[in-house]
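# A closer look at the structure
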Amino acid sequence: MAISVLFVCMGNICRSPLAEAALRQECARMGINMVIDSAGTHDWHTGRPPDERAQAVAARNDAPIDHLRARPVRTSDFRDFDHIIALDRDNLTNLKTMQPSDGSARIALLLDFVEGRAGQDVDDPYYGNDEAFEQTWADVVAGAKALTAKFS
């Protein structure tokens, strides 16, 4: 049975869809079967595609995300996924607060899986420039590589 991973940021339009794309790309490269999705702790952008700048950086890296649509974290996610991975500490705290008593998902911070980066956030590029999105891509790729090494 495939391991399942849900990436979570605040609005599900920048970091978490990029993390989803990076892990999908790394799993394809490694021949690993995982169930991968993304969501947000807030529902501000429900049904909307990822930020255009996130789409651009993903496309430049052959990992298109234009087909994805934002959704909020659901209570059922805590039972349906093996791992729920936050992109920053604020969303990690939000997830721990949201987790139902019967939730079995392991909740973690993405960069905790990357050697030397434990406790660090993937910075939110939303208010930044294109370079901020490039840095986010680099961070989620590092996380994806660390996850495939751990879960394969």
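Source: prediction; values computed, not measured.

### Topic: the overall build of the protein chain
Within the protein chain, the secondary structure is distributed over five helices and four strands. Mapped from its N terminus to its C terminus, the protein chain presents α and β elements in the order β-α-β-α-α-β-α-β-α. Here the protein chain holds 152 residues, and 48% of them are scored as buried. If you take every contact in the protein chain between residues at least 6 apart in sequence, the share linking residues at least 24 apart comes to 69%. Charge centroids of the protein chain, computed over 16 positive and 23 negative side chains, lie 3 Å from each other.

### Details of helix H5 (residues 130-151)
In an α-helix there are 3.6 residues to a turn, and that puts residues three or four apart on one side. Taking 1.5 Å as the rise per residue, H5 with 22 residues should run 32 Å; its terminal C-alpha atoms sit 31 Å apart, in good agreement. By the burial criterion, the buried members of H5 are Phe 133, Thr 136, Trp 137, Asp 139, Val 140, Gly 143, Ala 144, Ala 146, Leu 147, Thr 148 and Phe 151. Tucked inside the fold, the buried residues of H5 contact strand S1 (3-9), helix H1 (15-30), strand S2 (34-40), helix H2 (52-60) and strand S3 (83-86). Measuring from the backbone nitrogen of Glu 131 back to the side-chain oxygen at the start of H5 gives 3.0 Å, which picks out Asn 129 as the cap.

### Remarks on the packing of H1 against H5
Direction vectors running N to C along H1 and H5 enclose 45 degrees, while the axes themselves pass 8 Å from each other. By the angle between their axes, H1 is oblique relative to H5. Judged by the sense of rotation from one axis to the other, the crossing of H1 with H5 is right-handed. Where H1 approaches H5, its residues Arg 15, Leu 18, Ala 19, Ala 21, Ala 22, Leu 23, Gln 25, Glu 26 and Cys 27 are matched on the opposing element by Phe 133, Thr 136, Trp 137, Val 140, Val 141, Ala 144, Lys 145, Leu 147 and Thr 148. Class assignment for the residues of the contact of H1 with H5 results in 12 nonpolar, three polar and three charged.

### A closer look at helix H4 (residues 89-98)
By the burial criterion, the buried members of H4 are Asn 91, Leu 92 and Leu 95. Each buried residue of H4 lies within a common arc of 105 degrees when the element is viewed along its axis, so the set occupies one face. Turned more than 90 degrees away from the buried face of H4, the exposed residues are Asp 90, Lys 96 and Thr 97. Next to the buried residues of H4 lie S1, H1, helix H3 (77-80), S3 and strand S4 (106-109). By the N-cap criterion, in which a side-chain oxygen at the helix start approaches the backbone nitrogen of a residue two or three places on, H4 is capped by Asp 88, the distance to Asp 90 being 2.9 Å.

### A short note on the nonpolar core
Counting residues in hydrophobic clusters, the biggest one holds 34 residues, and the most contacted among them are Phe 7, Leu 18, Leu 23 and Val 140. When residues in this core are grouped by element, the largest group, seven residues, is from H5. Counting 13 residues, the second largest nonpolar core, distinct from the first, contains Val 8, Phe 81, Leu 92 and Ile 107.

### Some thoughts on the pattern of salt bridges
For the coordinates displayed, the defined rule picks out 12 salt bridges. The partner of Asp 102 in a salt bridge is Arg 79, and the shortest N-O contact between them spans 3.1 Å. Taken together, the positions of Asp 102 in the loop between H4 and S4 and Arg 79 in helix H3 put the pair 23 residues apart, joining distant regions of the chain. You can call Arg 79 partly exposed: its relative accessible area is 39%. For Arg 89, the salt bridge goes to Asp 121, with nearest N and O atoms at 3.0 Å. Residue Arg 89 is found in helix H4, and its partner Asp 121 is found in the loop between S4 and H5; the two are separated by 32 residues along the sequence. The class for Arg 89 is partly exposed, based on a relative accessible area of 45%. Overlapping salt bridges bring together Asp 37, Arg 71, Arg 74 and Asp 77 as one network.

Cut-offs used in this document
- Every residue gets a number counted from 1 within its own chain, in the order that chain's sequence is written.
- Reporting of local features is limited, given that this is a predicted model, to residues whose pLDDT is at least 70; pairs of side-chain atoms are given and counted only at 80 or more, and all residues count toward the totals for whole chains, interfaces and linings.
- Hydrogens and water molecules were not included; the side-chain quantities draw on all heavy atoms of the structure.
- Only DSSP runs of H or I with at least four residues qualify as helices, and only runs of E with at least two residues qualify as strands; both kinds are numbered from the N terminus onward.
- Only protein chains enter the accessibility calculation, which uses a 1.4 Å probe; a residue whose area is less than 20% of its type maximum is buried, one above 50% is exposed, and one in between is partly exposed.
- We call two residues in contact when some of their heavy atoms are within 4.5 Å.
- For the purpose of charge, His is not counted, nor are the chain termini; Lys and Arg are scored as positive and Asp and Glu as negative.
- Working definition for charges: the position is that of NZ of Lys, CZ of Arg, CG of Asp or CD of Glu.
- Under the convention used throughout, the expected extent of a helix is 1.5 Å for every residue step, that is, one less than its residue count.
- Side-chain atoms alone can form a polar contact between residues adjacent in sequence; in general such a contact is a pair of N or O atoms within 3.5 Å, and within protein one must be able to donate a hydrogen while the other accepts it.
- Note on definitions: angles span 0 to 180 degrees between N-to-C directions of axes, and those axes are lines fitted to C-alpha atoms, for helices only across the stretch in contact.
- Any angle from 65 to 115 degrees is called roughly perpendicular, while one under 35 is roughly parallel, one over 145 is roughly antiparallel, and all others are oblique.
- Two helices cross in a left-handed way if the nearer one is turned anticlockwise from the farther one by less than a right angle. They cross in a right-handed way if the turn is clockwise.
- Throughout this entry, Asp, Glu, Lys and Arg are counted as charged residues, while Ala, Val, Leu, Ile, Met, Phe, Trp, Tyr, Cys and Pro are counted as nonpolar. The remaining residues, Gly among them, count as polar.
- Arc definition: it is the arc formed by the directions from the helix axis to the C-beta atoms.
- Take the buried residues of types Ala, Val, Leu, Ile, Met, Phe, Trp, Tyr and Cys, join any two whose side-chain atoms come within 4.5 Å, and each joined set is a nonpolar core.
- By definition here, a salt bridge exists when the distance from a side-chain nitrogen of Lys or Arg to a carboxyl oxygen of Asp or Glu is within 4 Å.

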